[in-house]
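Coordinate analysis (summary)
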Amino acid sequence: MTRRPAGRPLVPAYLSTGGVARPSRPHLERLSVLARSGEPLPGGLPAAELALLDTLESGSLAVVEAAALLRLPVSAVRVLAAHLVDRDLVLARAPIPPAARFDPDLLKRVADGLRALRHRP
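The chain is annotated in an unreviewed UniProt entry as DUF742 domain-containing protein of Streptomyces rishiriensis.

Following this line, the structure appears as structure tokens:
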């Protein structure tokens, strides 16, 4: 009997999305944050969507984090998440934008102030 390679999922990713290749919500990005909405679960949800909902049970996750936990490609998780958002079972929020560039002069003044405090008697 041949053993299955450890890292490969049993079901191909395109089957977990029902053959859908693109999410219904194109603004859902890799770093979008997903959370359960608290709505009761309807019957008949596909196994992959239930697995995504289970991973969100303990709190919010980014799409890439959920993909890693589910061992699915990010593209597949985007499709699954978009379908759950459409059904109001999952809330999605845009990723937090990167911070503006810091002011080097401000950092120098803070470091000088900390050094001055350290050398006080």
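Mapped onto the secondary structure, E49 falls in helix α2 (residues 47-55). In this structure E49 is buried but unpaired, with R87 as the nearest side chain of opposite charge at 4.6 Å. For E49, the side chain forms a polar contact with the side chain of H83, separated by 2.6 Å. Contacts of E49, omitting those with residues within four sequence positions, involve L80, H83 and L84.

On to α2, then. For α2, the set of buried residues is A48, E49, L52, L53 and T55. When α2 is viewed along its axis, its buried side chains cluster within an angular range of 160° and face the same direction. Every exposed residue of α2 that faces more than 90 degrees away from the buried side is listed here: A47 and D54.

Ordered by their spatial adjacency, three strands build an open sheet running β2-β1-β3, and the pairing between neighbours is antiparallel. Looking at strand neighbours, the two that pair on one side only are β2 (61-62) and β3 (90-93), the edges of this open sheet. Pairing between strand β1 (residues 33-36) and β2: two bridges, direction antiparallel. Following the sheet pairing, V33 is matched in β2 by A62.

Before going further, it helps to spend a moment on the environment of L80. Within the secondary structure layout, L80 lies in helix α4 (residues 74-86). For L80 and L50, which are 30 residues apart along the polypeptide, the C-alpha to C-alpha distance reads 9.7 Å.

This part is about the pairing of β1. The pairing of β1 with β3 spans four bridges and is antiparallel. Bridged to V33 within β3 is R93.

Following the criterion strictly, the structure yields four salt bridges and no others. Across the pair E57 and R36 runs a salt bridge whose closest N-O atoms are separated by 2.4 Å. Pair noted here: E57 is in the loop between α2 and β2 and R36 is in strand β1, with a separation of 21 residues, a long-range link. The partner of D112 in a salt bridge is R115, and the shortest N-O contact between them spans 2.7 Å. With D112 and R115 both in helix α5 (residues 104-118), this residue pair falls three residues apart, about one helical turn.

Thresholds applied
- Sequence order as written defines residue numbering, which begins from 1 separately in each chain.
- Confidence filtering applies because this is a predicted model: local features only for residues at pLDDT of at least 70, side-chain atom pairs given and counted only at 80 or more, and all residues used for totals across whole chains, interfaces and linings.
- Side-chain numbers here rest on the full set of heavy atoms in the structure, without hydrogens or water.
- Comment: elements are numbered from the N terminus, with helices defined as DSSP H or I runs of at least four residues and strands as E runs of at least two.
- Under the scheme applied here, a residue whose accessible area is under 20% of the maximum for its type counts as buried, over 50% as exposed, and between as partly exposed, the area being computed with a 1.4 Å probe on protein chains only.
- In this count, Lys and Arg are taken as positive residues and Asp and Glu as negative ones, while His and the chain termini are left out.
- Salt bridge, as applied in this entry: a Lys or Arg side-chain nitrogen positioned within 4 Å of an Asp or Glu carboxyl oxygen.
- Think of a polar contact as two N or O atoms within 3.5 Å of one another; within protein, one of them needs to be a possible hydrogen donor and the other a possible acceptor, and neighboring residues in sequence only count if both atoms come from side chains.
- Here, two residues are considered to be in contact whenever any of their heavy atoms come within 4.5 Å of each other.
- Taking the helix axis as origin, the arc is that swept by the directions to the C-beta atoms.
- The criterion for strand pairing is that DSSP finds at least two bridges linking the strands in question.

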